[in-house]
Amino acid sequence: WDFNGSFQQPAAFLMMGIPGLEALHPWISIPFCALYLTALLGNCVILFIIRRTPSLHEPMYYFLSMLAVTDLGLALCTLPTTLGLFWFDVRRIGFDACLTQMYFIHILSFIESSVLLAMAFDRFIAISHPLRHAAILTRSTVLKIGLAIVLRGTVSLLPVPFLLRRLTYCGRTELSHSFCFHPDIMNLACADIKVNVFYGMIILLSTVGMDFIFIVLSYILIIRTVVSLTTKEECLKALNTCVSHICAVLVFFIPMIGLSMIHRFGKDVPPLVNTVVAYTYLTIPPALNPVIYSVKSTHIRQALLRALRRKRG
């Protein structure tokens, strides 16, 4: 601990694994290893295929590349501390290192939310204005959208580590997970955290909350357009292009909303439920997204098969 008058700040936090199952951590690490390996390999393959296939150099796959890079970042943010705890029982993480990890976890989560919104907009333009799709979403426009997404996440969350550093912390240093999460750190403070709570809620609602609302509105407009199509085959073909994105949205937003509700209102929720939802939120989407797009996207699947044939040849 560092003392400065009445100001107290821990030198480090202690990360927790899965409550009540500490003896099984080596076995529990096996599915986590599988998820991390799938996330790393799957997203790298997606990026490799898109880069090497000229026919995939269009807005939908540019946004998919952004999603893959974000998922890689999320997996790499939590992998060292999670597997370090499960394999070697390394629980200690320095205060500044914890704030840094927390900052990047939240930035990447916000970026993923914004990328999913951009992908919804892309689907709306492709279905509602197919002839103008390429003219509206040019390569430079997609690049500007990507830069705006990164800038929004970076700037909006910049005050959070400083708001946590100004707090005085009590004797407790145990985090609820094997990674650092803003509400988790904030609740260890013995000072007034109203500013942290208010700022965190405002930022969450104005970024992720608004992204989710606009995604829903995009699909309402998409459905209206699809219903107006003349034949059933055209309707199904149009909706089929959205299936992968809908799955990615559900996989990301359901655990995120659940975790936010637990941290704010779930005082009596068992710790195991909190832990499972948190791990689901940060490990399942990066692993499932490349699988979803590889299975559902005909172009990705065909490009992958061609790459495998060339390698065998």
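Everything quoted here is computed from the prediction, not taken from an experiment.

### Examining the overall build of the protein
- Scanning the protein for helices and strands turns up twelve helices and four strands.
- Compactness check: the protein gives a C-alpha radius of gyration of 21 Å against a globular reference of 20 Å for 313 residues, within 12% of the reference.
- Projected onto its principal axes, the C-alpha coordinates of the protein cover approximately 70 × 45 × 35 Å.
- Every one of the 313 residues in the protein was classed for burial, and the buried ones make up 49%.
- Partitioning the intrachain contacts of the protein with sequence separation of at least 6 by distance along the chain shows that 80% fall at a separation of at least 24.
- Entry remark: accessible area of the protein is about 15,800 Å², with carbon and sulfur atoms responsible for 71%.
- The protein carries 25 positive and 15 negative side-chain charges, and their two centres are separated by 12 Å.

### Quick look at the packing of helix α8 (residues 194-227) against helix α10 (residues 243-265)
- Following both chains from N to C, one finds α8 and α10 inclined at 150 degrees, their axes separated by 12 Å at the closest point. Taken together, the axes of α8 and α10 are roughly antiparallel relative to one another. Seen from above, α8 lies across α10 with left-handed handedness. The segment α8 lies against α10, with Gly 200, Met 201, Leu 204, Val 208, Phe 212, Ile 215 and Tyr 219 engaging His 245, Ile 246, Val 249, Phe 253, Met 256, Ser 260 and Arg 264.

### Details of the layout of surface pockets
- Roughly 560 Å³ of volume is contained in the largest pocket.
- Along the wall of the largest pocket there are 21 residues; nearest its centre are Met 60, Arg 123, Lys 237, Thr 241 and His 299.
- Those elements that provide at least two residues to the lining of the largest pocket are α2 (59-88), α3 (95-128), α9 (232-240) and α12 (298-312).
- Residues that form the lining of the largest pocket fall into these classes: seven nonpolar, nine polar and five charged.
- By volume, the second largest pocket is sized at about 350 Å³.
- Every element with two or more residues in the lining of the second largest pocket is listed here: α10 and α11 (271-296).
- Its residues assigned to classes, the lining of the second largest pocket shows six nonpolar, five polar and four charged.

### Considerations on the UniProt feature "transmembrane region" (unreviewed entry) in the protein
- The residues that UniProt annotates with the feature "transmembrane region" (unreviewed entry) are residues 24-50, 62-88, 100-121, 142-164, 197-222 and 242-262.
- As a span, residues 100-121 carries 100% helix and 0% strand, and end to end its C-alpha atoms are 32 Å apart.
- For residues 242-262, the helix share is 95%, the strand share is 0%, and the end-to-end C-alpha distance is 30 Å.

### Focus on a nonpolar patch on the surface
- The grouping of Met 210, Phe 212, Ile 213, Phe 214, Val 216, Leu 217, Ile 220, Ile 257, Met 261 and Phe 265 at the surface amounts to a nonpolar patch, some 880 Å² of accessible area in total.
- Mapped by element, the contributors of at least two residues to the nonpolar patch are α8 and α10.
- Per element, the largest residue contribution to the nonpolar patch is seven residues, and it comes from α8.
- Along the chain, Leu 217 falls in helix α8.

### Some remarks on the pattern of salt bridges
- Under the defined criterion, the tally for this structure stands at four salt bridges.
- Here Arg 91 and Asp 89 are joined by a salt bridge, their closest N and O atoms 2.9 Å apart.
- Between Arg 152 and Asp 211 there is a salt bridge, with the nearest N and O atoms lying 2.7 Å from each other. One end of the pair, Arg 152, is in helix α5 (residues 139-157); the other, Asp 211, is in helix α8, and 59 residues separate them in sequence.

### Re helix α1 (residues 25-52)
- Helix length check: α1 (28 residues) gives 40 Å between terminal C-alpha atoms against 40 Å at 1.5 Å per residue, within 8%.
- In α1, a bend of some 25 degrees at Pro 31 exceeds every other bend along the element.
- Among all positions of α1, only His 25, Ile 28, Ser 29, Phe 32, Tyr 36, Ala 39, Gly 42, Asn 43, Ile 46, Ile 49 and Ile 50 are buried.

### Considering the nonpolar core
- The biggest cluster of nonpolar side chains holds 87 residues, and the ones touching the most others in it are Phe 13, Leu 64, Leu 116, Leu 164, Tyr 169 and Ile 185.
- In terms of residues, this core owes the most to one element, α3, which gives 19 residues.
- Beyond its immediate chain neighbours, meaning those up to four positions away, Leu 116 contacts Leu 67, Ile 215, His 245, Ala 248, Val 249, Phe 252 and Phe 253.

Cut-off values and rules
- Residues numbered from 1 in each chain as written.
- Predicted model: local features only at pLDDT ≥ 70, side-chain atom pairs only at ≥ 80, totals over all residues.
- Heavy atoms only, no water.
- Helix = DSSP H or I, 4+ residues; strand = E, 2+ residues; numbered from the N terminus.
- Rg over C-alpha atoms; globule rule 2.2 N^0.38 Å.
- Buried < 20%, exposed > 50% of the residue type's maximum accessible area, 1.4 Å probe, protein only.
- Contact = heavy atoms within 4.5 Å.
- Areas by Shrake-Rupley, 256 points an atom, 1.4 Å probe, with all protein chains shown as cover.
- Lys, Arg positive; Asp, Glu negative; His and termini not counted.
- Charge placed at Lys NZ, Arg CZ, Asp CG, Glu CD.
- Axes fitted to C-alpha atoms, helices over the stretch in contact; angles between N-to-C directions.
- Parallel < 35°, antiparallel > 145°, perpendicular 65-115°, else oblique.
- Left-handed = near helix turned anticlockwise from the far one by under 90°.
- 1 Å grid on protein atoms, 1.4 Å probe; cavity = no way out; pocket = protein on both sides within 12 Å on 5 of 7 lines; lining within 4 Å.
- Points joined across faces, edges and corners; volume = space filled by probe spheres on them.
- Nonpolar A, V, L, I, M, F, W, Y, C, P; charged D, E, K, R; others polar.
- UniProt positions renumbered as here; feature names shortened; annotations may be inferred.
- Patch = residues over 30% accessible without salt bridge, like charges linked within 9 Å, V, L, I, M, F, W, Y side chains within 5 Å.
- Salt bridge = Lys/Arg side-chain N within 4 Å of Asp/Glu carboxyl O.
- Expected span 1.5 Å × (residues − 1).
- Bend = angle between axes of the 7 residues up to and from the residue.
- Core = buried A, V, L, I, M, F, W, Y, C linked by side-chain atoms within 4.5 Å.

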